[in-house]
Amino acid sequence: MTEEENKHLLFSGMDVVELAERYGTPLYVTDENTLKANIRNYKNTFSSTITDIYYAVKANGNLALLKLLASEGAGADVFSAGELELTKLAGIPAEKILFNGNSKSDDDLKEAVESGVRVSVDSVDELRALSAVANELGREVEIAIRVNPDVSPEVHPKIATGLKESKFGIPFHDVIPVCEEAEKLPNILLAGLHCHIGSQILDITVFGEATEKMMALVGRVYERGMQLKFVDLGGGLGIGYRQAEKATAPTPKDLAEMILPVFEKKMRDLGISLKLVLEPGRSVVGASTILLSRVNAIKRANKNFVAIDAGFNLLIRPVMYDAYHEVVVANKVNEQASELYTVVGNVCESGDIMAKDRMLPKVERGDLVAILDTGAYGFSMSSQYNGRPRCAEVLVCNGKADLIRSRESIEDLIRNQKIPARFI
Ligand SMILES: *Cc1c(COP(=O)(O)O)cnc(C)c1O
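This one's a predicted model, so the numbers in the text were calculated from it and none came from an experiment.

## Considerations on the pattern of salt bridges
- Summed over all chains, the structure comprises 20 salt bridges.
- With a shortest N-O distance of 3.0 Å, Arg390 and Glu408 are connected by a salt bridge. Taken as a pair, Arg390 in the loop between β18 (368-371) and β19 (392-397) and Glu408 in the loop between β20 (400-405) and α13 (410-414) lie far apart in primary sequence, 18 residues in all.
- If you follow the salt bridges from partner to partner, you end up with Arg40, Lys43 and Glu72 in one network.

Put into structure tokens, the structure is as follows:
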């Protein structure tokens, strides 16, 4: 390796400085092998005779990644007709898709029924509407009841979804009556119970707690003479964003050890056999991707600011969830960290801070920064705020790079806008 290359961050064996030159910045770069290893880790940990893995598309809906996950046998958790369409294009079979959401329109429900996917029902209102839609189409639809299990993971409040106060799910104590209503409604086939308690969960004991509660409900469903096909315990497994967390963050194996004994014991007690569904998003894609961004300015003010060409329009997690991402000066990896810097984006908001108070090597205009572990809720939450076209995405594998999403152009900002004739 030359001395120049020695200074450069390698990602999946590729020089990221070269990638930035070839494709421009900002740029999301995903490592295919990491993605593959992560989904295989789930598959190998949870035997496929018991468990189906439904990847949560909202974490990262790039079609190339979905195709790869589909080829690994993953199903999908979708939240909209748009995400459903992506999974169809990726070739994920309808019987492995669950349509989620707390606010589905008639069009959403129609799309779900026509596509033959299962629907996770979030309210009684929705249940009745779904039955009406299914009747109209003359088709049956399998459903799960989204349960609010009332458990509290210690995560950022914006990503805790199983609290009593959360907007998601049917209150725990109402679930049995709702199941009974579902059984009576025409064209509705009760097939599962579903919960999803939150995201970026590092203390996984809450998964045990949620499994206990869900399996207790399963028992009550069977006591009332109803039957199920599956229990879906959602996603939410956290990943190590901080270097120090990487070794201790829970793995799919830890998750399996927490939930499988509870799940299997209840099935034995009841003498039944159900499928377990899991819906990981972040723990499948999070660590597979970096965001490359060019340094536009260094400013020594109240703080030492490093201003980069990616703002919260491309990565909103630091702003929205106070999320931490490691930052690397990608063209100076052989240099000692020597100064404290705050890395900020190019959006016109003082809150547009990517990384606070980080020790980095001396940074200069033109340097390249890599923000790590940005595969989940990165591009998928991006916007065109401040009139900035979204960036490109590249997939790397064994020394090869493929563009998997083109950079948007200024025309893309304008495309759907219309000026009333009277203004012209
Ligand atoms: C967001 C979401 C997931 C995925 O969560 P991760 O934390 O990314 O694993 C799974 N299921 C449902 C219902 C969700 O809303």
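## Points about the packing of helix α6 (residues 106-115) against helix α7 (residues 124-137)
- With their axes 9 Å apart at the nearest point, α6 and α7 run at an angle of 55° to one another. Relative to α7, α6 is oriented oblique. Two packed elements cross with a definite hand, and for α6 against α7 that hand is right-handed. Of α7, the residues touching α6 (which contributes Asp106, Leu109, Lys110, Val113 and Glu114) are Glu126, Ala129, Leu130, Val133, Ala134 and Leu137.
- Along the lines of polarity and charge, the residues of the contact of α6 with α7 split into 7 nonpolar, no polar and 4 charged.

## Some points on the state of the cysteines
- Throughout the structure, instances matching the rule amount to 0 disulfides.
- Lacking any disulfide linkage, Cys195 is separated from the closest cysteine sulfur, that of Cys179, by 13 Å.

Cut-offs used in this document
Residues numbered from 1 in each chain as written. Predicted model: local features only at pLDDT ≥ 70, side-chain atom pairs only at ≥ 80, totals over all residues. Heavy atoms only, no water. Salt bridge = Lys/Arg side-chain N within 4 Å of Asp/Glu carboxyl O. Helix = DSSP H or I, 4+ residues; strand = E, 2+ residues; numbered from the N terminus. Axes fitted to C-alpha atoms, helices over the stretch in contact; angles between N-to-C directions. Parallel < 35°, antiparallel > 145°, perpendicular 65-115°, else oblique. Left-handed = near helix turned anticlockwise from the far one by under 90°. Contact = heavy atoms within 4.5 Å. Nonpolar A, V, L, I, M, F, W, Y, C, P; charged D, E, K, R; others polar. Disulfide = S-S within 2.5 Å.

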